[in-house]
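Listed below are the residues making up each chain.
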Amino acid sequence: LCDIVIIVALKFTFKRDRPPFHKPDARFVGVDKHSFPSGHATRSWCLVSLLSSIYPEASLTLILWGSLVSLSRIALGRHYVSDVLVGSLIGYFCTSAAAVLALS
């Protein structure tokens, strides 16, 4: 929930357009036209952080998965690199902060 609030606030604060090579089509039905930060990257890294804390033995696999999800957003032309990097950091640290608060 924390990540969604941050993403929406940043998207509507910065209102950064998607990359110029982004073409809306039948495969992409976006809820907004803003690219910063990447919601996919944010949510995938939330899961990486959460699941790595529960299953530390799967951390490398989870990091690879989160990285591939993030890279796919760039490869598909939906986001700039900075959108994905900031989204990834938000996702990872939102979940980490929530875990610390929950355990204290």
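Only a predicted model underlies this, so the values are computations on that prediction, with no experimental measurement involved.

Trainee: Give me the state of the cysteines: which residues, what numbers.
Mentor: The final tally for this structure, using the stated rule, is zero disulfides. Here cysteine 46 stays unpaired: no disulfide links it, and the sulfur of cysteine 94, its closest cysteine neighbor, is 5.9 Å away. Take cysteine 46: its relative accessible area is 15%, and that puts it in the buried class. Its relative accessible area of 12% is what places cysteine 94 among the buried residues.

Trainee: So what's going on with the packing of aromatic side chains? Which residues, and what values?
Mentor: Inspection of the entire model under this criterion finds two aromatic pairs. Centre to centre, the rings of phenylalanine 14 and phenylalanine 36 are 5.2 Å apart; their planes meet at 80°, and the pair counts as edge-to-face. Here phenylalanine 14, found in helix H1 (residues 2–14), pairs with phenylalanine 36, found in the loop between H1 and helix H2 (39–54); they are 22 residues apart in sequence, far enough to count as distant. With a relative accessible area of 13%, phenylalanine 36 lands in the buried category. Ring geometry for tyrosine 92 and phenylalanine 93: centres 5.4 Å apart, planes at 85°, overall edge-to-face.

Trainee: For the environment of threonine 42, give the residues involved together with the corresponding values.
Mentor: Among the structural elements, threonine 42 can be located in helix H2. For threonine 42, a relative accessible area of 0% puts it in the buried group. Once you skip the residues sitting within four places of it in the chain, threonine 42 turns out to touch Asp3, Ile7, Gly87, Ser88, Ile90 and Gly91. Only 3.0 Å separates the side chain of threonine 42 from the backbone oxygen of glycine 87, close enough to count as a polar contact.

Cut-offs used in this document
- Position labels on residues start from 1 in each chain and follow its written sequence.
- Under the rules for a predicted model, residues below a pLDDT of 70 receive no local features and side-chain atom pairs below 80 are neither given nor counted, while totals for whole chains, interfaces and linings still include all residues.
- Only hydrogens and water are set aside; all other atoms, that is, all heavy atoms of the structure, feed into the side-chain values.
- Note on disulfides: each one is a pair of cysteine sulfur atoms within 2.5 Å.
- A 1.4 Å probe rolled over the protein chains alone gives each residue an accessible area, and that area as a share of the maximum for its type sets the label: buried under 20%, exposed over 50%, partly exposed in between.
- What counts as a ring pair is set by centres within 6.5 Å for rings of Phe, Tyr and Trp (its six-membered ring), and what kind of pair is set by the plane angle: stacked under 30 degrees, edge-to-face over 60, tilted for all other angles.
- Secondary structure elements follow DSSP: runs of H or I no shorter than four residues count as helices, runs of E no shorter than two count as strands, and numbering proceeds from the N terminus.
- The contact definition used throughout considers only heavy atoms, calling two residues in contact when any of these lie within 4.5 Å.
- Any N or O atom pair separated by 3.5 Å or less is treated as a polar contact, with the protein-specific requirement of one donor-capable and one acceptor-capable atom, and with residues adjacent in sequence counted only for side-chain atom pairs.

It is worth stressing that arrangement in space is one thing and function is another; only the former is reported here.
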